[in-house]
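Residues per chain, in single letters:
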Amino acid sequence: MTQKREVTLPVFSLDERERLGFNVGSRPARLSGLRLELQQLKSKKVFHNYGHASYGICLSVGTARKVVEIFLRDQGLKNPEASTKSQEASPSKLKPDAPEELKNLEKLIQKAGIIPGEFPEIAVMGAGINGLMTTKTLADLGFKVAIFAENFPRKQLMYGDDKKKGVTQVAPGFLMASESPEISSLGPMNEYCQQTFRFARETMRTGAYRGFTKNDCYFLSDKELKHDEVLPYPEEPSELVRVRFGAGDPVDALRVSVIMLESQLFLEDIVAELKAKNVRFVPKKFASLADVESLEQGIVFNCLALGSGPIFGDKDVYPIKGGIVYFNRPKNADYSVSVTFKGKELHAYPKHTCVGLGRIYRPNEPENIEEDHKILEELVAEWREFWHDLTTPSPKL
């Protein structure tokens, strides 16, 4: 039997003095799955892109390109006899090494006889990761875009001790391997995830955006761990190891190299890029269909996530509340931990200055600042119990 490699890792402190803050947010789930389709309103066409649940990061690139494809195919139906005049009048906006999916979208533009720079401005509703990636896809193809949202990404993404409401567009996390059973069983979602994976890998290669990093994640479980339960970053195999956290006793773990996303850094860079491409950022709150109809643009992409339910009468939409507590961490404690502890899943996500501890999974539960504090204190207590057991050596006999 092959002897497992031993790994010793530095630990972060969960002392109260090291606590920085927290955030709570609701994942936008949908009973019938993703909604990627056209809806005709009285005065405009709305292309929906929502219902990502816990897979917003993993699906964002692929679903943005898919909903833009739906839009372009609809434009092609309006002008089936279009010539190649758009190709002659509007040279490609894409780099030679652009992804095939974007090149295919450009072919649809040419087939529809569209000159993106002369096309009327397009509206995108929502500035979470899916709204921003949809906007980026359109802008990369040369379209004029205005993005409307009540809140836009900003640097401070934590609640403070004063309990004031904060804003976060997306939580930190890692990309799931697109071949894993949890994803591949969901049909087209597999391809959407693969596109996001390829985007992340290319981003790390070129350094085009901050936020994506390769990270070792250690999966601990009270059941036997198997390589095929969690799949690795494509270039590296997973590995069963004996890992020691600080001075604690060694435990069995599955080491997997994953792609982490620190969303704050990534979204800041995407916003800066879009502004450089003259995308308009317009503060606007959407509370009803009348607010959508009030937009000047005839083509609208809806990426409002949870807001899509009441606005568009979609009763399948529901929230899944999650929360993360942040602590300081040493620079070299840059690994992730995923564990099943007393029947609950706990995760630790490294950020560039701290570590985020989660995860809470509460369907159909609205955000409530007092209740959220109570839930997060329970989370911290669970983490401290687990972390103490893991990092404290057994007494010598």
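Conventions used here
- Residues numbered from 1 in each chain as written.
- Predicted model: local features only at pLDDT ≥ 70, side-chain atom pairs only at ≥ 80, totals over all residues.
- Heavy atoms only, no water.
- Helix = DSSP H or I, 4+ residues; strand = E, 2+ residues; numbered from the N terminus.
- Expected span 1.5 Å × (residues − 1).
- Buried < 20%, exposed > 50% of the residue type's maximum accessible area, 1.4 Å probe, protein only.
- Contact = heavy atoms within 4.5 Å.
- Pairing = 2+ DSSP bridges.
- Axes fitted to C-alpha atoms, helices over the stretch in contact; angles between N-to-C directions.
- Polar contact = N/O pair within 3.5 Å; in protein donor to acceptor, adjacent residues only side chain to side chain.
- Phe/Tyr/Trp six-rings, centres within 6.5 Å; stacked < 30°, edge-to-face > 60°.
- Lys NZ or Arg CZ within 6 Å of the ring centre and 35° of its normal.

J.: Run through helix α7 (residues 263–276), naming residues and quoting values.
T.: End to end, α7 covers 20 Å across 14 residues, agreeing with the expected 20 Å (1.5 Å per residue, within 8%). Buried within α7 are the following residues: Ser263, Gln264, Leu265, Phe266, Leu267, Asp269, Ile270, Val271 and Leu274. Next to the buried residues of α7 lie α4 (129–140), α6 (189–206), β8 (212–220), β10 (251–261) and β11 (280–283). The positive-phi residue at the C-terminal boundary of α7 is Asn278, with phi of around 70 degrees.

J.: How would you explain the sheet that holds strand β3 (residues 35–40) if you had to name every residue and give the values?
T.: Ordered in space as β3-β4-β12-β5-β6-β11, the 6 strands form an open sheet in which the pairing is mixed. The strands lining the two open edges of the sheet, one partner per strand, are β3 and β11. Across the sheet, the mean angle from the axis of one strand to that of its neighbour is 20 degrees, orientation sign disregarded. Two strands pair when backbone bridges link them, and strand β4 (residues 45–50) and strand β12 (residues 299–302) are joined in this way by 4 bridges, in the parallel orientation. Bridged to Phe47 within β12 is Phe301. Across the face of the sheet, α4 comes into contact with β4, β5 (122–125), β6 (145–149), β11 and β12 while running at roughly 170 degrees to β6.

J.: Account for the side chain of Ser338, naming residues and giving values.
T.: The topology assignment puts Ser338 in strand β14 (residues 336–341). Since its relative accessible area comes to 8%, Ser338 is described here as buried. A polar contact is formed between the side chain of Ser338 and the side chain of His347, at a distance of 2.9 Å. Here Ser338 is in contact with Cys217, Tyr218, Phe219, Leu220, Leu346 and His347, once residues within four sequence places are set aside.

J.: So what about the packing of aromatic side chains? Which residues, and what values?
T.: Per the stated rule, a full pass over the model turns up 21 aromatic pairs. An angle of 80 degrees between the planes, with centres 5.6 Å apart, marks the rings of Phe47 and Phe71 as edge-to-face. Separated by 24 residues along the polypeptide, Phe47 in strand β4 and Phe71 in helix α1 (residues 56–78) bring together distant segments of the chain. Among the residues examined, Phe47 registers a relative accessible area of 0% and is labelled buried. By relative accessible area, Phe71 is classed as buried at 0%. Summarising the aromatic geometry, the rings of Phe152 and Phe281 are spaced 5.4 Å apart at their centres and angled 70 degrees between planes, so their arrangement reads as edge-to-face. Within this pair, whereas Phe152 is found in the loop between β6 and β7 (173–175), its partner Phe281 is found in strand β11, the two being separated by 129 residues in sequence. Cluster of aromatic residues (ring-pair linked, three or more members): Phe12, Tyr218, Phe245, Tyr335, Phe341, Trp383, Phe386 and Trp387. Here the guanidinium or amino end of Lys275 rests over the ring plane of Phe281, the centre of that ring lying 5.5 Å away.

J.: Could you give an account of unusual backbone geometry, with specific residues and numbers?
T.: Phi is positive for Asn278, which is not a glycine, with a value near 70 degrees. Taking the relative accessible area as the measure of exposure, Asn278 reaches 67% and is therefore exposed. At Ala305, a position not held by glycine, the phi torsion is positive, near 60 degrees. Relative to the helices and strands, Ala305 is located in the loop between β12 and α9 (308–312).

J.: Which residues make up the environment of Pro393, and what are the values?
T.: With respect to the secondary-structure elements, Pro393 resides in the segment after α10 (369–391). According to the relative accessible area criterion, Pro393 is partly exposed, its value standing at 43%. Taking the C-alpha atoms as reference, Pro393 lies 5.2 Å from Asp249; in sequence the two are 144 residues apart. Beyond its immediate chain neighbours, meaning those up to four positions away, Pro393 contacts Ala247, Gly248 and Asp249.

Taken by themselves, the reported measurements are silent on function.
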